[in-house]
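Report on the structure
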Amino acid sequence: MKFRTEYMKFHTKTHRAYIHITPQIEAFVSKSGVQEGIVLVSAMHITAGVYANDNEPGLIEDIDQWLEKLAPYNRSYRHHQTGEDNGDSHLKSLLIHHEVVVPITAGKLDLGPWQRIFYAEFDGQRDKRVLVKIMGE
Ligand code: ZN
């Protein structure tokens, strides 16, 4: 069994951002030499997420609007009594979830035809990391 750990760094220019990271994950898998296994891609933060879906600009805007509708940015969250202002960012992270696991088959990510991996930032303009853990033979 082989294990390999990589870290990706992010510092987005905008407060919210959706970043396509499939090519970097593919490169990590290729470098690991793992032929059969899984890769865990996990945001190491409580105001960010990782998800798998279509790489299509209209859909990304739809996802952003859907999250904003369910967890709107405003100042009424109880979390803000701690002096923070990112209550919505925590809730958006819960909706998207913080990690995905993708199978590796024959040395490649075994994604469906339209599945792509994204990093979702909900409280940007600061340093963030994503853990990439590759496990297999
Ligand atoms: Zn907070």
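Below: a short report on this structure. All values derive from a computational prediction rather than experimental measurement. (Residues numbered from 1 in each chain as written. Predicted model: local features only at pLDDT ≥ 70, side-chain atom pairs only at ≥ 80, totals over all residues. Heavy atoms only, no water.)

This part is about the packing of aromatic side chains. How two aromatic rings sit relative to each other is set out by the distance from centre to centre and by the angle between their planes. Under the defined criterion, the tally for this structure stands at three aromatic pairs. When the ring of Phe10 is compared with that of Tyr119, the centres are 4.1 Å apart and the planes differ by 15 degrees; the resulting orientation is stacked. One end of the pair, Phe10, is in strand β1 (residues 2-10); the other, Tyr119, is in strand β7 (residues 116-121), and 109 residues separate them in sequence. Each member of the pair, Phe10 as well as Tyr119, is classed as buried. A centroid spacing of 5.1 Å and a plane angle of 10 degrees characterise the contact between Tyr51 and Phe118, whose relative ring orientation is stacked. Here the residue Tyr51 occupies a position in strand β4 (residues 48-53), and Phe118 occupies one in strand β7, the gap between them amounting to 67 residues. Assigned by exposure class, Tyr51 and Phe118 land together as buried. (Phe/Tyr/Trp six-rings, centres within 6.5 Å; stacked < 30°, edge-to-face > 60°. Helix = DSSP H or I, 4+ residues; strand = E, 2+ residues; numbered from the N terminus. Buried < 20%, exposed > 50% of the residue type's maximum accessible area, 1.4 Å probe, protein only.)

With that settled, the discussion passes to unusual backbone geometry. With a phi close to 75 degrees, His97 is a non-glycine residue in the positive phi region. By secondary structure assignment, the location of His97 is in the loop between α3 (87-96) and β5 (99-105). With a relative accessible area of 51%, His97 lands in the exposed category. The backbone of Ala106 shows a phi angle near 55 degrees, a positive value even though the residue is not glycine.

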